[in-house]
Structure formats: C-alpha cells, structure tokens
Amino acid sequence: MVQLQKVHGSQNQFFLLDQTQLKAPLTKEELVNLAQQITKRDTGLLNGADGLLVVSKSHHPQVLGKMQVINADGSFASMCGNGLRTVGRYLAQKYHKETFKVETMQSDLRVSCKPDWAQDVKAVSVEISPVSFQANDLPFTNLGATQLINQNVPEFAPNLKFSAVAVPNPHLISLVPNNILQSNLLEKLGTRLNQKNPYFPDGVNVSFAQVLNAHHLFVRTFERGVGFTNACGTGMSAASLVYALTYPQEHLFGQLLTISNPGGFVQTKVHRTAHSYWIELIGNATITHYIDVTESELHEKQLGFSNFKITSTTENEAYQKFMATHHK
Ligand SMILES: N[C@H](CCC[C@H](N)C(=O)O)C(=O)O
C-alpha cells in the first residue's frame, strides 16, 4: 500500500505523494494525469484540491527530499510556498528533524518547524527564493522595460501600479484599494494573462494586495494553472516584498508582517541580501486526510477513487477554531 496525504497551508489545498514509497515511481505523464484527475473539484478525490506535491529523493547534501509542484491543470511550477510548508512538515516527521533543506526546481530551500500555533495547528517556516525582477526570469515581454516595479500598465488596468517578480515562480502584484480588491478586475486580469497573451507567455500568478495597516496586508491571488485559491504562499511573499519596496520609509525589511487571505493568515519577513532579497514565509501545515491506495492504482490511466481508503484527522477543525479566534 501507498499513503498519500491531503494537506493545506492557509487552506491552499494539495495532495502530497512521497514517491520513495513506490517500487516504480510514476512517470511524468502519470504524475500529470494523477494531478489533473485527483484535484478535480467535482469528480476528484475529497472534493479535489489546488495541486499535487510530489516528494522524491534528493541527491544534494543536507537535503531531506525534493519537492515538485503540479498545478490542478497539470502544469509544473518552480515553487509553492504553502505547499513547501506541508512538505517540510512531512519530511520533519519522516526523518525526525526540525531544520533542514528541501530541493526545489531552482534551489535548495531552508525549512524549519516552529512551535505549534495551537493544539493540532502545526507551524512551519520556509525560505522563498531566489527572487528576480528581471523580465526574462518570469518571463514577461512587450511591457517596454526589463523590470516592472510599481509602474502604470494601462493595458492591464487604468490607474493601478504593477510589479512583476519571480520567487522563482512568476508573480504580478498590485497594491490596491478595497473597492478594487472587491471588484471582478482580478478575475478578468488573471484569466486574460493565463490565456494566450502578448505579455506573459508562460502565464503568471496575479495578486491584489490591500494595506490594512503598517504591518498587515490582505492578499488575494488568481493563480496560474489553478484560478482563485484560498491563499498563495509565493503570492503573499511576493506582495510582502513589493510592499516593503514601495514604502521604504516604513523600514519593513526584517519586520514580521501578517498577511491575511481568504483562507486565514500567514506571517512573512522580507530580507535583503547583498544582491537580492529572500522572504521568510511562516504559517500552518495541516494534514486533513491520510489516503491509502495500492501502487498499481496510481499507475492507472483512468483513476477511480472508490478503492482509496480515507482516514480523516481532526486538524482541520483545529485550524478553523484557531482562525475563528485569531483571524485578523
Ligand atoms: N500556481 C503557482 C504554483 C503554486 C503556488 C502557490 N499555491 C503557493 O502557495 O505559492 C504557479 O503556477 O506558479
């Protein structure tokens, strides 16, 4: 038997599969097929999810495992902030370690377990990096510049300023007033920039961030390869960086920020390095279900989930209870 987990970070939901359990790891095609089917909100497993996190062996020193991220549409992503917290918790429990690195597409990232936020609400801190504002690192084109930091882009929306940053997956960020946050502009722009368009050939995660007070943002994200999610870890991290750069007089680097989202909240800390930046993302890593299935079923083309044996945890109730009393 093979055990999968259904997990969430700030209610950004994923299935997590540790491939090292398998005699024959799934091929790339089988992983994409599994991700596309299991995440479907109607016919998928447990009302679906936003993506599939695949854990496999890393050959890098001091690295406990490798994380691959597959969006609900089957596209691969170079990074997933909420997902990395749940993978971090998984590897911490598997190897009885508190602080270690996880290999991701572009770099080995630091992960450290934090004191529980509440009974049955585990918390993990992860490193979000590398960070780049260069057009060819997103990529973006046809915006008249090789960097986009707090610029007007009338083609996207009148009167808003936009920033484009790779962390390293691609993000388009705008700090907006509440009425814009509540409008359908984010859905229209997110949809448009994730279909064939002259600006983001590989698509882009689009986030609108509202400044609630000096150390508190609300961030909503339309994700590449998924659509709206309850939270986007890399989106909230990118928004924190853009916010710190936009208000240098607030001296926000190194300050603990609270980032609320439709699924709850996380904390971020933006760090400046000699040549760039990195962001610390701290938040819950919740396991809602354990799922036992035979290895052969995972290799099947047409997955039926009826034989998947589900065991629910009580962690989601604990998370909801914590958010009800702490949601900022
Ligand atoms: N949709 C993203 C990947 C998932 C990122 C998000 N769920 C997070 O927590 O960072 C992309 O295609 O770049």
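Residues numbered from 1 in each chain as written. Predicted model: local features only at pLDDT ≥ 70, side-chain atom pairs only at ≥ 80, totals over all residues. Heavy atoms only, no water.

- Naming follows an unreviewed UniProt entry, where the chain appears as Diaminopimelate epimerase of Lactobacillus helsingborgensis.
- The UniProt entry for the chain carries the following comment under Catalytic activity (unreviewed entry): "(2S,6S)-2,6-diaminopimelate = meso-2,6-diaminopimelate".
- UniProt lists a comment for the chain under the heading Pathway (unreviewed entry), and it reads "Amino-acid biosynthesis; L-lysine biosynthesis via DAP pathway; DL-2,6-diaminopimelate from LL-2,6-diaminopimelate: step 1/1." (UniProt positions renumbered as here; feature names shortened; annotations may be inferred.)

Topic: the overall build of the chain
Here's step 1: In terms of regular secondary structure, the chain is built from seven helices and 19 strands.
Here's step 2: For 328 residues, the compact-globule estimate of 2.2 N^0.38 gives 20 Å, and the chain sits close to it at 19 Å.
Here's step 3: Based on the C-alpha atoms only, the size of the chain along its principal axes is roughly 55 × 40 × 40 Å.
Here's step 4: In the chain, buried positions account for 57% of the 328 residues.
Here's step 5: Here the chain has roughly 13,800 Å² of accessible surface; of this, 50% comes from carbon and sulfur atoms.
Here's step 6: Mean positive and mean negative side-chain charge positions of the chain (27 and 25 charges, respectively) differ by 4 Å. (Helix = DSSP H or I, 4+ residues; strand = E, 2+ residues; numbered from the N terminus. Rg over C-alpha atoms; globule rule 2.2 N^0.38 Å. Buried < 20%, exposed > 50% of the residue type's maximum accessible area, 1.4 Å probe, protein only. Areas by Shrake-Rupley, 256 points an atom, 1.4 Å probe, with all protein chains shown as cover. Lys, Arg positive; Asp, Glu negative; His and termini not counted. Charge placed at Lys NZ, Arg CZ, Asp CG, Glu CD.)

Observations concerning the side chain of H271
Here's step 1: Relative to the assigned elements, H271 resides in strand β16 (residues 264–272).
Here's step 2: Within the local environment of H271, its side chain forms a polar contact with the side chain of E280, the two groups lying 3.0 Å apart. (Polar contact = N/O pair within 3.5 Å; in protein donor to acceptor, adjacent residues only side chain to side chain.)

Observations concerning the domain arrangement of the chain
Frequently, the measure chosen for interface size is the accessible area that the parts lose on association.
Here's step 1: Segmentation of the chain into domains returns domain 1 (2–127 + 285–326) and domain 2 (135–282).
Here's step 2: In this structure, domain 1 and domain 2 have C-alpha centres spaced 24 Å apart.
Here's step 3: Taken together, the contacts link 29 residues of domain 1 with 25 residues of domain 2.
Here's step 4: For the pair domain 1 and domain 2, the summed buried surface comes to about 1,900 Å²; carbon and sulfur atoms form 53% of the total. (Domains from an automatic or database assignment. Contact = heavy atoms within 4.5 Å. Buried area = accessible area lost by both parts, 1.4 Å probe.)

A closer look at the site of the ligand
Here's step 1: Taken together, 15 residues lie near the ligand, and G81, N205, E223, G233 and T234 sit nearest.
Here's step 2: One nitrogen or oxygen atom from the side chain of N205 is found 2.8 Å from an oxygen atom belonging to the ligand.
Here's step 3: The backbone of G233 places a nitrogen or oxygen atom 2.8 Å from an oxygen atom of the ligand.
Here's step 4: Relative to its unbound accessible area of 360 Å², the ligand is 99% covered by the protein chains.
Here's step 5: Elements that contribute at least two residues to the shell around the ligand include exactly β2 (12–18), α2 (81–95) and α5 (233–246).
Here's step 6: In the shell around the ligand, the residues fall into five nonpolar, eight polar and two charged.
Here's step 7: Counting residues domain by domain, the shell around the ligand receives three or more from each of domain 1 (2–127 + 285–326) and domain 2 (135–282). (Near = heavy atom within 4 Å. Nonpolar A, V, L, I, M, F, W, Y, C, P; charged D, E, K, R; others polar.)

Side note on helix α4 (residues 185–193)
Helical geometry note: an α-helix holds 3.6 residues per turn, so side chains three or four residues apart project in the same direction.
Here's step 1: Of all the residues in α4, the buried ones are L185, L186, L189, G190 and L193. In an axial view of α4, the angular spread of the buried residues amounts to 120°, which keeps them on one side of the axis. (Arc of directions from axis to C-beta.)

With respect to the nonpolar core
One broad rule of soluble globular proteins: the nonpolar side chains tend to lie buried together.
Here's step 1: Judged by nonpolar contacts, the single largest core of 48 residues is most densely connected at L53, M67, L84, V87, L91 and V102.
Here's step 2: Here this core gathers at least three residues from each of two domains, domain 1 (2–127 + 285–326) and domain 2 (135–282).
Here's step 3: If we ignore the near neighbours within four places in the chain, the residues touching L84 are M67, M79, V102, L109, V111, V126 and E127.
Here's step 4: Core analysis: the second largest hydrophobic core is formed by 26 residues, L138, F140, L181 and L193 among them. (Core = buried A, V, L, I, M, F, W, Y, C linked by side-chain atoms within 4.5 Å.)

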